Amino acid sequence: NAGVTQTPKFQVLKTGQSMTLQCAQDMNHEYMSWYRQDPGMGLRLIHYSVGAGITDQGEVPNGYNVSRSTTEDFPLRLLSAAPSQTSVYFCASSYDRVNEKLFFGSGTQLSVL
Amino acid sequence: EDKVVQSPLSLVVHEGDTVTLNCSYEVTNFRSLLWYKQEKKAPTFLFMLTSSGIEKKSGRLSSILDKKELFSILNITATQTGDSAIYLCAVGGYTGTASKLTFGTGTRLQVTL
């Protein structure tokens, strides 16, 4: 059982480049989300989705786009990377929109130079 | 604004010691409090607490919630080097569309021989 799968594990970008972080889950979870983790800041919610075709902003959405065309996939797009987006990114899913028990992917370490 | 504060930020103990980690919170529409363990990358789920005064236990780990005083503690008895990790506290609050987890910055625990 793969759970939540994130790719890539590491990425280095130059300022202004765009890229997509991939996230897929095989647990038929309704709810999916993206967090970023920075030293001293804790995990902060970027965007979330309560089902296919439905997305909403979290605490720190600026500079990121998401879409949810299928139940399984929830990609995160950086439109024009900035050094402030250097962080560790986690995708997480849960059974439904009111179940707080999140299952996390292994994370993506992103550096923007 | 929802807030979760963990203490201490870090601690070093000897194998066999007992430790207590603290988590206090201010969250709108509280639904649950969760503890996660983060070793190398992905946080892994430990406990979810929703009711005051009911202790959850898993082996040497236990946790309890006080909804009146707005805090939780995580106890680890007979610590082992494998307990070395960052312990994250998260509190779930309902936004009207979905439950949202607010994370603390974590307590870094190091267990030495």
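In the block above lies the structure referred to throughout.
Note that the coordinates shown come from a computational prediction; the quantities given were computed from them, not determined experimentally.

Reading guide: rules and limits
- Residues numbered from 1 in each chain as written.
- Chains lettered and ligands numbered in written order.
- Predicted model: local features only at pLDDT ≥ 70, side-chain atom pairs only at ≥ 80, totals over all residues.
- Heavy atoms only, no water.
- Helix = DSSP H or I, 4+ residues; strand = E, 2+ residues; numbered from the N terminus.
- Buried < 20%, exposed > 50% of the residue type's maximum accessible area, 1.4 Å probe, protein only.
- Contact = heavy atoms within 4.5 Å.
- Areas by Shrake-Rupley, 256 points an atom, 1.4 Å probe, with all protein chains shown as cover.
- Pairing = 2+ DSSP bridges.
- Axes fitted to C-alpha atoms, helices over the stretch in contact; angles between N-to-C directions.
- Salt bridge = Lys/Arg side-chain N within 4 Å of Asp/Glu carboxyl O.
- Core = buried A, V, L, I, M, F, W, Y, C linked by side-chain atoms within 4.5 Å.
- Buried area = accessible area lost by both parts, 1.4 Å probe.
- Nonpolar A, V, L, I, M, F, W, Y, C, P; charged D, E, K, R; others polar.
- Phe/Tyr/Trp six-rings, centres within 6.5 Å; stacked < 30°, edge-to-face > 60°.

Caption draft 1: A look at the overall build of chain B. Tallying secondary structure elements over chain B gives zero helices and eleven strands in all. N-terminal to C-terminal, the α/β element order of chain B is β-β-β-β-β-β-β-β-β-β-β. Seen through its C-alpha atoms, chain B measures out along the principal axes to roughly 50 × 30 × 20 Å. Looking at the 113 residues of chain B, the share that counts as buried comes to 43%. Long-range pairs, those at least 24 residues apart, make up 55% of the contacts in chain B between residues at least 6 apart in sequence. Roughly 5,600 Å² of accessible area belongs to chain B as shown, and the carbon and sulfur atoms make up 50% of that amount.

Caption draft 2: Structural detail: the sheet that holds strand 8 (residues 76–78) of chain A. Residue and element names in this part refer to chain A. Read from one edge of the open sheet, four strands run 1-3-8-7, paired in antiparallel fashion. Edge positions in the sheet fall to strand 1 (4–7) and strand 7 (64–66), since each has one partner strand and no second. Strand-to-strand twist of the sheet, defined as the mean angle between neighbouring strand axes without regard to direction, takes the value 20°. Two elements, strand 3 (residues 19–25) and strand 8, share three bridges in a ladder whose sense is antiparallel. Residue Thr20 lies in a different strand from strand 8, and its bridge partner there is Arg77.

Caption draft 3: Just the pattern of salt bridges, in detail. Residue and element names in this part refer to chain A. Summed over all chains, the structure comprises six salt bridges over all chains. Between Arg97 and Glu30 there is a salt bridge; the shortest N-O distance is 3.8 Å. Of this pair, Arg97 sits in the loop between strand 9 (87–94) and strand 10 (103–104) while Glu30 sits in the loop between strand 3 and strand 4 (31–38); the two residues are 67 residues apart in sequence, bridging distant segments of the chain. Under the relative-accessibility criterion, Arg97 is labelled partly exposed at 31%. Here the salt bridges do not stand alone but share partners, grouping Arg36, Asp38 and Arg44 into one network.

Caption draft 4: The arrangement of the nonpolar core in detail. Residues and elements named next belong to chain B. With 22 residues, the main nonpolar core has Tyr25, Leu33, Trp35, Tyr87 and Leu109 as its most contacted residues. If you list the elements that add at least two residues to this core, you get strand 2 (10–14), strand 3 (19–26), strand 4 (30–38), strand 5 (43–49), strand 7 (61–66), strand 8 (71–76), strand 9 (85–94) and strand 11 (107–112). For Tyr25, the contacting residues outside a window of four places in its chain are Lys3, Val4, Phe30, Leu33, Leu65, Asp66, Lys67, Leu70, Phe71 and Val91.

Caption draft 5: Examining the interface of chain B and chain A more closely. Chain B puts 22 residues into the contact, and the matching count from chain A is 24 residues. Together chain B and chain A conceal approximately 1,800 Å² of surface at their shared face, both sides included; 59% is due to carbon and sulfur atoms. On the surface where chain B and chain A come into contact, there are one salt bridge. The closest approach of N and O atoms between Arg31 of chain B and Glu100 of chain A, which form a salt bridge, is 2.4 Å. Residue assignment for the side of chain B that touches chain A shows that the elements contributing at least two residues are strand 4, strand 5, strand 9 and strand 10 (99–103) of chain B. For the side of chain B that touches chain A, the element with the most residues is strand 4 of chain B, which contributes five residues. Along the lines of polarity and charge, the residues of the side of chain B that touches chain A split into eleven nonpolar, eight polar and three charged.

Caption draft 6: Representation of the packing of aromatic side chains in the model. Scanning the model with the defined rule gives ten aromatic pairs over all chains in all. Here the aromatic rings of Tyr31 of chain A and Tyr48 of chain A are separated by 5.8 Å at their centres, their planes lie at 25°, and the arrangement is stacked. Here Tyr31 of chain A is found in strand 4, whereas its partner Tyr48 of chain A is found in strand 5 (residues 42–51), with 17 residues between them in sequence. Ring plane angle 75° and centroid distance 6.2 Å describe the contact between Phe104 of chain A and Phe103 of chain B, whose orientation is recorded as edge-to-face. Of this pair, Phe104 of chain A sits in strand 10 while Phe103 of chain B sits in strand 10, on two different chains. Of the residues examined, Phe104 of chain A reaches a relative accessible area of 10% and is grouped as buried. Put simply, the rings of Tyr35, Phe90 and Phe104 of chain A together with Tyr36, Phe45 and Phe103 of chain B pair up and form one aromatic cluster.

Caption draft 7: Layout of the sheet that holds strand 8 of chain B. Residues and elements named next belong to chain B. Strand order across the open sheet formed by five strands is 1-3-8-7-6, with antiparallel pairing between neighbours. Both outer strands of the open sheet, strand 1 (3–7) and strand 6 (56–58), are each paired with one neighbouring strand and no more. Pairs of neighbouring strands in the sheet enclose a mean axial angle of 15°, with direction left out of account. Note that strand 7 and strand 8 share six bridges and pair antiparallel. Its bridge partner lying in strand 8, Ile64 is registered against Ile73.

What is shown is where atoms sit, not what they do.
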